[in-house]
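Chain by chain, the residues run as shown.
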Amino acid sequence: MPKMNDAYAALPGSYLFSEVARRVKAHREAHPEAEVISLGIGDVSQPLIPAVIEALHQAVDEMGKAGSFRGYGPEQGYAFLREAILEHDFKPRGVALEADEIFISDGAKSDVGNIQELFGPDAVVALTDPVYPVYEDSNAMAGRAGERKDGRWSRIVYLPCTAENGFEPALPERRPDMIYLCCPNNPTGTVLSRAALTRWVDYARENDAVILFDAAYESFISSPEIVHSIYEIPGADEVAIEFRSLSKTAGFTGLRCAYTMVPHKLRAHAADGTELSLHDMWLRRQCTKYNGCPYIVQRAAEAVFREPAQAQLEAQLGIYRANARMILDTCTSLGLEAFGGEHSPYVWLRTPQGMKSWDFFDLMLSRASVVCTPGVGFGACGEGYARFTAFASPEQTLKALERFQSIL
Ligand code: MLT
């Protein structure tokens, strides 16, 4: 038999959303008559906006003509898309990035999972708890997490985020090399203030650490007080990589397109002390292992950043925002404690009567045929919580909440 990568052998049973899908499948098989409603995985329900569909059609036609057909594209993404991102996302916020510091990809999940390859096998990772499981699992797969005991890895620095600390992680007691932050947060739906992010940027600068900043949900921010990009914080371009995605912003969960910013100023040391550019290393990695996001998808993505798409998207985001409000209001009207949902499509519910997360999940599934995500699946501090997403249709969301009310 071939020799297995021991880091894979040490992984916990299955990926969180695969386990959720497994239980839902079993429920459907046992109750074929049940209409299951998912407020579980954050997958969008609204169709692509007309501006995106038009751009797709045009790009498909180009691919069918000799003069405009495209083969392999630049691994980093086409200039037309990188320029559109700069103009739309960064320049209006006073962020001075260069187009070549933007890397287009097929998804933020791939990028946040792959980025750890740039760091040494003994680099120390700090994660919030609860956390989007990809950060933790990808480092465990790389053999960087140590031993697993009682649901935690020995070499990972966990930063608890609970109602008690207002979901704001304290600075770590042990110096990490890599710090994952997600704002607006998945799963808690909460945000970090400008002051809190400034503390993190200052900490990273003082401690030669890199912040891996997941901004996949930034389009849900509804207050001018909250920053959309970590590069709005002075000095962040020396210490932070930022990840963004069109999945939730523009309904691209099936189409696939994301972008990751790796500024030229970011540096790391090789074992012999040589200073290297993380930007150059990421480019090296992408050129070797990736052939780029499809041309037609990049044309669709470009359309997102231009009129008339923005008005169309605003209407779509409004649907999800209203769903989030409906979930939050229902939970609070039932006397339950719920967080997030204001700048985020996620509502983080403290389970009724202190139920364990998976018990609550099973209750919701078996009695209401409603799928949520058990909080403990995001980490030990998520025990006793459940996450609801606002991405179902308004009708399905309402129906799910009525069922939830009736079983409580
Ligand atoms: C989630 O539900 O946490 C996300 O949809 C998962 C993802 O984006 O990969």
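Parameters and conventions
Residues numbered from 1 in each chain as written. Predicted model: local features only at pLDDT ≥ 70, side-chain atom pairs only at ≥ 80, totals over all residues. Heavy atoms only, no water. Helix = DSSP H or I, 4+ residues; strand = E, 2+ residues; numbered from the N terminus. Rg over C-alpha atoms; globule rule 2.2 N^0.38 Å. Buried < 20%, exposed > 50% of the residue type's maximum accessible area, 1.4 Å probe, protein only. Contact = heavy atoms within 4.5 Å. Areas by Shrake-Rupley, 256 points an atom, 1.4 Å probe, with all protein chains shown as cover. Lys, Arg positive; Asp, Glu negative; His and termini not counted. Charge placed at Lys NZ, Arg CZ, Asp CG, Glu CD. Axes fitted to C-alpha atoms, helices over the stretch in contact; angles between N-to-C directions. Left-handed = near helix turned anticlockwise from the far one by under 90°. Nonpolar A, V, L, I, M, F, W, Y, C, P; charged D, E, K, R; others polar. Expected span 1.5 Å × (residues − 1). Salt bridge = Lys/Arg side-chain N within 4 Å of Asp/Glu carboxyl O. Core = buried A, V, L, I, M, F, W, Y, C linked by side-chain atoms within 4.5 Å. Pairing = 2+ DSSP bridges. Near = heavy atom within 4 Å. Polar contact = N/O pair within 3.5 Å; in protein donor to acceptor, adjacent residues only side chain to side chain. Domains from an automatic or database assignment. Phe/Tyr/Trp six-rings, centres within 6.5 Å; stacked < 30°, edge-to-face > 60°.

Can you explain the overall build of the protein? Please cite residues and give values.
In terms of regular secondary structure, the protein is built from 13 helices and 17 strands. In summary, the protein has a C-alpha radius of gyration of 21 Å against a globular reference of 22 Å for 408 residues, a match within 12%. Based on the C-alpha atoms only, the size of the protein along its principal axes is roughly 60 × 55 × 55 Å. In the protein, which comprises 408 residues, the share counted as buried stands at 54%. Considering only residue pairs separated by 6 or more positions, the protein has 73% of its internal contacts joining residues 24 or more positions apart. Surface exposure of the protein reaches about 17500 Å², of which carbon and sulfur atoms provide 52%. One way to put it: in the protein the 39 positive side-chain charges average out to a point 3 Å from where the 53 negative ones average out.

Let's hear about the packing of helix H2 (residues 16-30) against helix H12 (residues 357-368): which residues, and what values?
Where H2 meets H12, the axes come as close as 11 Å, and the angle between the chain directions of the two elements is 35°. Like other packed secondary-structure pairs, H2 and H12 cross with a definite hand, here right-handed. Seen from H2, the contacting residues are Leu16, Glu19, Val20, Arg23, Val24 and His27; seen from H12, they are Trp358, Phe361, Asp362, Leu365 and Ser366. Residue classes in the contact of H2 with H12 are distributed as six nonpolar, two polar and three charged.

Describe helix H11 (residues 309-333), naming the residues involved and giving the relevant values.
Look at H11: 36 Å from first C-alpha to last across 25 residues, which is about the 36 Å you get at 1.5 Å a residue. If you check which residues of H11 are buried, you get Ala309, Leu313, Gln316, Leu317, Tyr320, Asn323, Ala324, Ile327, Leu328, Thr330 and Cys331. Count one or two residues on from H11 and you reach Gly335, which has phi positive near 80°.

Run through the pattern of salt bridges, naming residues and quoting values.
Under the criterion given, the structure shown has 25 salt bridges. One salt bridge connects Glu164 with Arg350, and the closest N-O pair in it is separated by 3.4 Å. A residue pair is termed long-range when its members are at least 10 positions apart, and Glu164 in the loop between strand S6 (156-160) and strand S7 (178-182) and Arg350 in strand S14 (residues 346-350) qualify at 186 residues. Residue Glu164 is classed as exposed on the basis of its relative accessible area, which comes to 62%. Of the charged contacts, one joins Glu242 and Arg244 as a salt bridge, the two residues approaching to 2.8 Å between their closest N and O atoms. Look at Glu242 and you get buried, because its relative accessible area is 0%.

Tell me about the nonpolar core, and please be specific about residues and values.
Membership of the largest hydrophobic core comes to 58 residues, with the highest contact counts inside it found for Ile211, Ile230, Tyr231, Leu246, Phe252 and Cys257. What Leu246 contacts, discounting residues up to four positions off in sequence, is Gly251, Phe252, Cys257, Ala258, Tyr259, Ala301, Val304 and Phe305. Residues Leu16, Ile37, Ala338 and Ala390 belong to the second largest nonpolar core, which totals 37 residues.

Before we move on, could you go through the pairing of strand S8 (residues 210-214) and cite the residues and values that matter?
Most of S8 is tucked away: five of the five residues are buried. Neither face of S8 is exposed, since Val210, Leu212 and Asp214 on one face and Ile211 and Phe213 on the opposite face are all buried. Alignment of S7 against S8, held across five bridges, turns out to be parallel. Bridge pairing in S8 links Cys182 to Asp214.

I'd like to hear about the site of the ligand, residue by residue, with values.
Around the ligand, the surrounding shell consists of Phe17, Ile41, Gly42, Lys109, Tyr132, Asn186, Tyr217, Lys248, Tyr346 and Arg387. A distance of 2.5 Å separates an oxygen atom of the ligand from a polar atom in the side chain of Tyr132. Burial of the ligand by the protein chains amounts to 85% of its free accessible area of 270 Å². Of the residues that constitute the shell around the ligand, the class distribution is five nonpolar, two polar and three charged. Counting contributing residues, the shell around the ligand receives three or more from each of domain 1 (6-47 + 310-407) and domain 2 (54-304).

An account of the packing of aromatic side chains is requested, with residue identities and associated values reported.
All chains considered together, the criterion is met by 20 aromatic pairs. Ring geometry for Phe17 and Phe378: centres 6.3 Å apart, planes at 70°, overall edge-to-face. Here Phe378 lies in the loop between strand S16 (373-374) and strand S17 (385-389) and Phe17 lies in helix H2, a separation of 361 residues in the sequence. Accessibility classification places Phe17 together with Phe378 in one group, the buried group.

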